[in-house]
Amino acid sequence: MSERFELSFKNKEVRMWFYLMVPTFIIGSIFIFYGEQKYQYIPLVVLVIVWTVFYLWRYFYRKKMRNKVKNSS
């Protein structure tokens, strides 16, 4: 089985998720509830972009960690 996932702020992936997703969700929710009807798609587009950025960062971060572990052994 692979290594366990630590759900705490010691884990850099959890910190980055909170730094990106929580503010995006809050700002997007405010914009959806108080924004004009014709611009309701904008928060969803921004959320998808932020998700994409996070998961791209996560992919490259994990790849870097795998290479670091591979090179150190």
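That block above? That's the structure.
Criteria and thresholds
Residues numbered from 1 in each chain as written. Predicted model: local features only at pLDDT ≥ 70, side-chain atom pairs only at ≥ 80, totals over all residues. Heavy atoms only, no water. Helix = DSSP H or I, 4+ residues; strand = E, 2+ residues; numbered from the N terminus. Rg over C-alpha atoms; globule rule 2.2 N^0.38 Å. Contact = heavy atoms within 4.5 Å. Areas by Shrake-Rupley, 256 points an atom, 1.4 Å probe, with all protein chains shown as cover. Axes fitted to C-alpha atoms, helices over the stretch in contact; angles between N-to-C directions. Parallel < 35°, antiparallel > 145°, perpendicular 65-115°, else oblique. Nonpolar A, V, L, I, M, F, W, Y, C, P; charged D, E, K, R; others polar. Phe/Tyr/Trp six-rings, centres within 6.5 Å; stacked < 30°, edge-to-face > 60°. Buried < 20%, exposed > 50% of the residue type's maximum accessible area, 1.4 Å probe, protein only. Polar contact = N/O pair within 3.5 Å; in protein donor to acceptor, adjacent residues only side chain to side chain.

1. Quick notes on the overall build of the protein chain
- Summing up its helical and strand segments, the protein chain has 2 helices and 0 strands in all.
- Computed over its C-alpha atoms, the radius of gyration of the protein chain comes to 17 Å, more than 25% above the 11 Å expected for a compact globule of 73 residues.
- Seen through its principal axes, the protein chain has C-alpha atoms that stretch 55 × 20 × 20 Å.
- In the protein chain, once contacts between residues fewer than 6 apart in sequence are set aside, the share between residues at least 24 apart is 50%.
- For the protein chain, the computed accessible surface area is about 6500 Å², with 67% contributed by carbon and sulfur atoms.

2. Some details on the packing of helix α1 (residues 12–34) against helix α2 (residues 41–72)
- Two elements in contact, α1 and α2, have axes separated by 9 Å at closest approach and are oriented at 175 degrees. Judged by the inter-axis angle, α1 sits roughly antiparallel to α2. Here K12, E13, M16, W17, L20, M21, T24, G28, F31 and I32 of α1 come into contact with α2, specifically with I42, P43, V46, L47, V50, W51, F54, W57, R58, Y61 and R62.
- Of the residues contributing to the contact of α1 with α2, the split by class is 15 nonpolar, 2 polar and 4 charged.

3. Overview of the packing of aromatic side chains
- In total, this model carries 6 aromatic pairs according to the counting rule given.
- Arranged with centres 5.2 Å apart and planes meeting at 45 degrees, the rings of F9 and F18 form a pair that is tilted.
- Taking relative accessible area as the criterion, F18 reaches 34% and is therefore assigned partly exposed.
- Both rings, one in W17 and one in F18, keep their centres 5.2 Å apart while their planes meet at 85 degrees; by these two values the pair is edge-to-face.
- On the basis of relative accessibility, which here comes to 36%, the residue W17 falls in the partly exposed class.
- The rings of F54, Y55, W57 and Y61 are connected pair by pair, giving a single aromatic cluster.

4. Section: the environment of T24
- Within the secondary structure layout, T24 lies in helix α1.
- Classification of T24 as buried rests on a relative accessible area of 15%.
- For the pair formed by T24 and L47, sequence separation is 23 residues and the distance between their alpha carbons is 6.5 Å.
- If we skip the residues at most four places from it in the chain, T24 touches V46, L47 and V50.
- A distance of 2.6 Å separates a polar atom in the side chain of T24 from the backbone oxygen of L20.

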